[in-house]
Amino acid sequence: MARVNSLIVLDARDNIAIALQELPVGMRIEQSDIASILEVKTIIPRGHKIALVDIAKGDPIIKYGERMGHAYLPIVRGAHAHTHNVIGDRVSTEPTG
Amino acid sequence: MSISTPSLLTGFLRKNGKWGFRNYILILPLHNALNQLAEEVRVSHPAQTVITSVAHDWSGEIDSDWDRIHRVFSGFAVNPNVGATIVIGVGSAVEEEIVQAARAKREMPIAYLTLKDSGGFDNLRKLVAESVSEVFPLVTSIKRESAPWSAIVLGLECGGSDAYSGITANPALGVASDKFVELGGTSILAETMEILGAEHLLAARAKTPEVGQAIIDVVARYERSITYEGIDIRGAQPSRGNIEGGLTTLEEKSLGAAKKAGNAPFTGVLDYAYVPTEPGLYFMDTPGHDIEQLTGFAAADVNITVFTTGRGTPTGSAVIPTIKAATNTEMAIALPDLIDLNAGTIADGTETLAEVGERIFAEIVDVANGKLTAAERGGHREFNLSRLYGSTQ
């Protein structure tokens, strides 16, 4: 049986990874390209992003080693990073309230 | 990421110092009424793998994009993968101009046969076939020799993208592209609409401030042209389907397309169908249309292309071997005669990005050395002039 990874880290500089399958809450992920065991905090659909580190409000989101936007709410390690907490830097309107 | 030493690269050295990885006799009609004649001569020749031809819808009109048409035909005629070209026309001044431009671009056998001087359509067919026979021994006597890495002029293309393109085939192609650039080769990213929203990030990778500004400028020009048409795609991007698939921002979506070009610095920006002048990574201002992009690459001396696809697009070029990399395993299995390699293993979790990048690099070397691609085996020879693009600027 070939090894099967649950995540893909696209660049060593990234602070998010991509789920290769739906990741249930509480799942513990151990993979050679992740610093330490990653515990899933919120459900992550396949193809979506999971935070690899704690990301503070205003911090950049790094994918492919490049900035793709920033967090407008804090994201804890292991949580889903998507439109409910991440927004583009350029063509976007930051949600208020 | 390290890539192991590949096998030796070989190619056909041309008199202008360029290298070809194929050695074709090209039959190039300059009027759409002669497409069929070109095709008939090609298929009637016993050495099918040596002869190539194209078909298109141009019939000599000169519009505001004449410079572009002229550049594409004359550049296509002298692509380094071509050993000799037989141009066929009706016998007009604009055809003559194209032939002269091609002859000025490269010293090689370029015949020009016209309907006007032929004594009839059937006779023209006979004359074209004779012309092929005449150059055949000369072209086939050119042998492969050991080539430097700078021989590689790699075209980067994607079409029929899916949710996996940005995490599988595109970044894996970027790994291979980075390696060729590092070794002294040339690589060209294109499709202006696909970098919209990420151009400031690509500009930050420019070697000089002028190149960075040129990247910003081509996207701004494109933005103005779509605003002119009354379209604003930015507000609708990423689309609802993209967001459901996991894409959050416009930058992210465009970075996914641009990842075909890895992380290397940008050496320059090229207008459509312009030839790069030194090795390195370039951005070419092209339409998003796959075949128009591929035709522009061919006219710019690109000699090999990797095309990432989520849907198995059959597109190939008459003069450039075009390697198809599947973004997902399901499609790679479903359409085996269209796909050269499967990058979907990254999403399956069974291979890493670096491993697939290494496979793409090795496939490029093998195809450069003569291995036929799926598109070549299938006889895919699409050609499209990029006609009206730019006419509203």
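**A word on the interface of chain A and chain B**
Interface size, as often reported, equals the accessible area lost upon joining of the parts.
Alright, step 1. Taken residue by residue, the interface counts 27 residues in chain A and 35 residues in chain B.
Alright, step 2. Summing both sides of the interface, chain A and chain B together bury roughly 2500 Å²; the carbon and sulfur share of this comes to 53%.
Alright, step 3. Where chain A meets chain B, there are four salt bridges.
Alright, step 4. Between B:E252 and A:K49 there is a salt bridge; the shortest N-O distance is 2.8 Å.
Alright, step 5. The interface formed by chain A and chain B holds 16 residue pairs in polar contact (both at pLDDT 80 or more) in total.
Alright, step 6. Every element with two or more residues in the side of chain A that touches chain B is listed here: strand 7 (66-71) and strand 9 (86-87) of chain A.
Alright, step 7. In terms of residue count, the dominant contributor to the side of chain A that touches chain B is strand 7 of chain A (three residues).
Alright, step 8. Of the residues contributing to the side of chain A that touches chain B, the split by class is 11 nonpolar, six polar and 10 charged.

**A few points about the sheet that holds strand 3 (residues 24-29) of chain B**
All names here are of chain B.
Alright, step 1. The sheet built from four strands is open, its strands ordered 4-3-5-6 with parallel pairing. The outermost strands of the open sheet, each flanked by one partner alone, are strand 4 (51-53) and strand 6 (110-114). The mean inter-strand angle of the sheet, taken between neighbouring strand axes irrespective of direction, is 20°.
Alright, step 2. Summarising the sheet, strand 3 and strand 4 pair through three bridges and their orientation is parallel. Note that in strand 4 the partner of L26 across the bridge is T52.

**So, the nonpolar core**
Alright, step 1. Ranked by internal contacts, the top residues of the largest apolar core, which has 66 residues, are A:I75, B:L189, B:F266, B:I360 and B:I364.
Alright, step 2. By residue number, the principal contributor to this core is helix 13 (residues 353-368) of chain B, which donates eight residues.
Alright, step 3. Apart from the residues within four sequence positions on either side, A:I75 is in contact with A:A51, A:V53, A:D54, A:I55, A:I61, A:H80, A:A81, A:N85 and A:V86.
Alright, step 4. Counting residues in hydrophobic clusters, the runner-up holds 40 residues, among them B:W58, B:M108, B:Y112 and B:A273.

**Quick notes on the confidence of the model for chain B**
Residue and element names in this part refer to chain B.
Alright, step 1. The share of residues in chain B with pLDDT of 70 or more is 94%, and the mean pLDDT across the chain is 92.
Alright, step 2. Long-range and interchain partners of residues 389-393, a stretch whose pLDDT sits below 50, account for 10 contacts in this model, where long-range means more than four residues apart.
Alright, step 3. Of the two predicted TM-score estimates for the complex, the pTM is 0.92 and the ipTM is 0.93.

**A word on the pattern of salt bridges**
Note on pairing: side chains with opposite charge can pair once their charged atoms come close.
Alright, step 1. The full count for this structure, using the stated rule, is 18 salt bridges over all chains.
Alright, step 2. A single network of salt bridges, built from pairs that share partners, joins A:K49, A:K63 and B:E252.

Scoring rules and cut-offs
- Throughout, a residue's number is its position along its own chain's written sequence, starting from 1.
- Naming scheme: in the order in which they are written, chains are lettered from A and ligands are numbered from 1.
- Given that the model is predicted, a residue must reach a pLDDT of at least 70 before its local features are reported, and side-chain atom pairs must reach 80 or more before they are shown or counted; all residues, however, enter totals for whole chains, interfaces and linings.
- Where side-chain values are given, they derive from all heavy atoms of the structure, hydrogens and water being excluded.
- Any two residues having at least one pair of non-hydrogen atoms within 4.5 Å are treated as being in contact.
- What gets called buried area is simply the loss in accessible area from a 1.4 Å probe that two parts show on being joined, summed for both.
- Any Lys or Arg side-chain nitrogen located within 4 Å of an Asp or Glu carboxyl oxygen qualifies as a salt bridge.
- Residues adjacent in sequence count toward polar contacts only when both atoms are side-chain atoms; beyond that, a polar contact is any pair of N or O atoms within 3.5 Å, and within protein one must be able to donate a hydrogen and the other to accept it.
- Only runs of H or I of at least four residues qualify as helices and only runs of E of at least two qualify as strands under DSSP, and these elements are numbered from the N terminus.
- Charged means Asp, Glu, Lys or Arg here, nonpolar means Ala, Val, Leu, Ile, Met, Phe, Trp, Tyr, Cys or Pro, and polar covers whatever is left, Gly included.
- At least two bridges found by DSSP between two strands are what make those strands a pair.
- Axes, fitted as lines to C-alpha atoms, cover a helix only where it is in contact. Angles between the N-to-C directions of the axes lie from 0 to 180 degrees.
- Buried residues of nine kinds, namely Ala, Val, Leu, Ile, Met, Phe, Trp, Tyr and Cys, make up a nonpolar core once their side-chain atoms join them within 4.5 Å.
- For every residue, the accessible area (1.4 Å probe, protein chains only) is compared with the maximum for its type, and the residue is labelled buried under 20%, exposed over 50%, or partly exposed between those bounds.
- Looking at any residue, its pLDDT shows the predictor's confidence there, from 0 to 100.

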